[in-house]
Amino acid sequence: MNIRSIIASLFMLGLLASCSPSVNVKFDYDPKVNVRQFSTFRVEADQRRNADPIAGSNLNQRRIADEIEKTMRAKGYKPVVGGEADLVIRFFSDSKDRQQVQSNNNWSPYWMWYNPGFNNVYTRQYEENRVVVNVYDTRTNDIIWQGWASGQLNQSKKESNRDVAYRTTVQSIMKQLPESAGSDYGSIKEK
């Protein structure tokens, strides 16, 4: 195998790897709110927005709620079942059909004249899932923190892999929320 075929093989491998989108996590918050004042929470599925039959299914809602609760407990927040909590965490998930178009345009505009058969366009259909977590101050009913992730969470054919995908996605979202025990948004920016 010569060096040219090795480079071409690596290029095609890189092209195929770039076709699969990763999970993208982002967050936003109200910088005027001091999160040190909160210590208790309650988790709820946003029933109005969980209409998607797959992404918003009861199974995925349990996965997301369990992971949010686990993460909040690890951060020092205490769950409240029957009483009034400082924070209400509402989440939802949905999905959209997407299409990705990729071209392997070559390095030079003149390359096509020398090898016109090498300019290929690839298209791929996939389902993009989104998980959104909103944290509300119960006194004002305002969102004080919001985290979201988008990517392919339902792509695996194995149930255990989908379970892991949802749980790790929620962990990635929730790690951006400050801890209740003396932590604020400034500590996130330093990490």
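If you're wondering where the values come from, they're calculated on a predicted model, not measured in any experiment.

> Sorry, what's going on with the overall build of the chain here?
Counting its secondary structure elements, the chain contains five helices and six strands. A buried classification covers 35% of the 191 residues belonging to the chain. Counting only contacts in the chain whose residues sit at least 6 apart along the sequence, the fraction spanning at least 24 positions is 76%. Entry remark: accessible area of the chain is about 11800 Å², with carbon and sulfur atoms responsible for 52%.

> Before we go on, may I ask you to explain the confidence of the model for the chain in this structure?
Detailed conclusions should not be drawn from predicted coordinates in areas where pLDDT is low. Confidence along the chain averages 75 in pLDDT terms, with 63% of residues attaining 70 or more. Residue range residues 12-21 is modelled with pLDDT below 50. Its contacts to residues more than four positions away, or to other chains, number 14 contacts.

> Even after reading the chapter, I still don't get the environment of Asp 97, so can you show me in this structure?
Note that Asp 97 resides in strand β4 (residues 87-103). Between the alpha carbons of Asp 97 and Gln 125 there is a distance of 7.2 Å; along the sequence they are 28 residues apart.

> I tried to follow the environment of Ile 64 on my own but got confused; where do I start?
Along the polypeptide, Ile 64 turns up in helix α2 (residues 58-74). The residues contacting Ile 64, other than those within four sequence positions of it, are Phe 91, Ser 93, Val 131, Tyr 166 and Val 170.

> I keep staring at the packing of aromatic side chains and nothing clicks. Help me out?
For any pair of aromatic rings, the description rests on two quantities: the centre-to-centre distance and the angle between the ring planes. Applying the stated criterion across every chain yields a total of two aromatic pairs. Between Phe 27 and Tyr 29, the ring centres sit 6.0 Å apart and the planes meet at 15°, which makes this aromatic pair stacked. Look at Phe 27 and you get partly exposed, because its relative accessible area is 28%. For the pair Phe 27 and Trp 145, a centre-to-centre distance of 6.2 Å together with 25° between the ring planes defines the contact as stacked.

> What's the story with the environment of Glu 128 in this structure? I'm lost.
Mapped onto the secondary structure, Glu 128 falls in strand β5 (residues 121-137). Along the sequence, Glu 128 and Gln 99 sit 29 residues apart, while their C-alpha atoms lie 9.5 Å from each other. The residues contacting Glu 128, other than those within four sequence positions of it, are Asp 94, Ser 95, Lys 96, Arg 98, Ser 150 and Gly 151.

Rules and cut-offs
- Each chain has its residues counted from 1, following the order in which its sequence is written.
- It should be noted that, the model being predicted, local features are given only for residues of pLDDT at least 70 and side-chain atom pairs only at 80 or more, the latter also being counted only at that level, while totals for whole chains, interfaces and linings use all residues.
- The basis for every side-chain value is the complete set of heavy atoms in the structure, and neither hydrogens nor water enter the calculation.
- Helix and strand assignments follow DSSP, with helices taken as H or I runs no shorter than four residues and strands as E runs no shorter than two, numbered in order from the N terminus.
- Each residue's exposure class comes from its accessible area (1.4 Å probe, protein chains only) as a fraction of the maximum for that residue type: buried when under 20%, exposed when over 50%, partly exposed otherwise.
- Contacts were defined at the residue level, with two residues in contact if any of their heavy atoms lie within 4.5 Å.
- Computed with a 1.4 Å probe, the accessible areas rest on the Shrake-Rupley method; for each residue, only the protein chains presented here act as cover.
- As a per-residue measure, pLDDT tells how confident the predictor is, with possible values from 0 to 100.
- Note on aromatic pairs: the rings of Phe, Tyr and Trp (six-membered ring only in Trp) are paired at centre separations within 6.5 Å, and the planes decide the class, stacked below 30 degrees, edge-to-face beyond 60, tilted for the rest.

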